[in-house]
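An overview of the molecular structure
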Amino acid sequence: MKVVKELFRGREIDLLPMINLDDTTKFQRIVYTALMRIPRGKVSTYSMLARASGCRRGYRTVGNALSSNPIPLIIPCHRVLRSNLKIGGFSIPGVDEGEARQLKRRILVDEGVKFEGEKVNPKCLWKSKS
DNA sequence: TCGGTGTTTCGGA
DNA sequence: TCCGAAACACCGA
């Protein structure tokens, strides 16, 4: 948990190589890689990740990949929102769902993402095409 | 083998 | 504009 704190205090992550991708599928790796490309303070959506992964209708798979991500929070699954800019679901094993959602929002705020109620500021959206 | 998943998109009314 | 259905890929029972 200490590491996690450090992560969101502004330190960039070089932990990607540490992540064992052997247990992940090809599609998941694509998703994770795309996720890592999201800069701090930016967020993405399931749809965008799906597009980035090559499958326009792979959003469900993306959600599945995120929910079963090897290292929650290190893989910035918290930067993934629904297409309507709402948080959507977020759960961490061993953490209450409500707590996890709060944590997610807090992390995003800490990273510079601006919230408008339950939604995030569209300006904080990260576009793979830029 | 089957159904569910942190959802989205598309077509018809 | 709104509602219903279908959709890629993958995981667990």
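Scroll up a little and you will see the structure.
Residues numbered from 1 in each chain as written. Chains lettered and ligands numbered in written order. Predicted model: local features only at pLDDT ≥ 70, side-chain atom pairs only at ≥ 80, totals over all residues. Heavy atoms only, no water.

**So, the protein's contact with DNA strand B**
Rules: Each residue is tested against the molecule or strand, and it is near if at least one of its non-hydrogen atoms lies within 4 Å. N or O atoms closer than or at 3.5 Å make up a polar contact, with two conditions inside protein: a donor-capable atom paired with an acceptor-capable one, and, for residues adjacent in sequence, both atoms drawn from side chains. Each helix is a run of H or I in the DSSP string that is no shorter than four residues. Each strand is a run of E no shorter than two, and both are numbered from the N terminus.
Every one of the 14 residues lining DNA strand B counts as a neighbour, but Tyr46, Tyr59, Arg60, Leu66 and Ser83 are closest to it. Tyrosine 59 places a side-chain nitrogen or oxygen 2.9 Å from a base oxygen of DNA strand B. Note that a phosphate oxygen of DNA strand B is positioned 2.4 Å from one of the backbone N or O atoms of serine 83. Put simply, the parts of the chain that give the surface near DNA strand B at least two residues each are helix 3 (46-52) and helix 4 (59-67). At 5 residues, the largest contribution of residues to the surface near DNA strand B is made by helix 4.

**Let's talk about helix 4**
The test is simple: The buried label goes to any residue with under 20% of its type's maximum accessible area, the exposed label to any with over 50%, and the partly exposed label to all in between, with areas taken from a 1.4 Å probe on protein chains only. The arc in question is the one traced by the directions running from the helix axis out to the C-beta atoms. Two residues qualify as a contact provided that any one of their heavy atoms is within 4.5 Å of a heavy atom in the partner residue.
Considered for burial, the residues of helix 4 that qualify are Val62, Ala65 and Leu66. Buried residues along helix 4 cover an arc of 95° about the axis, so they all sit on one side. Turned more than 90 degrees off the buried face of helix 4, the exposed positions are Arg60 and Ser67. As for helix 4, its buried residues are in contact with helix 2 (26-36), helix 3 and strand 2 (80-81).

Note that every value here comes from positions in space, so none of it alone points to a role or purpose.
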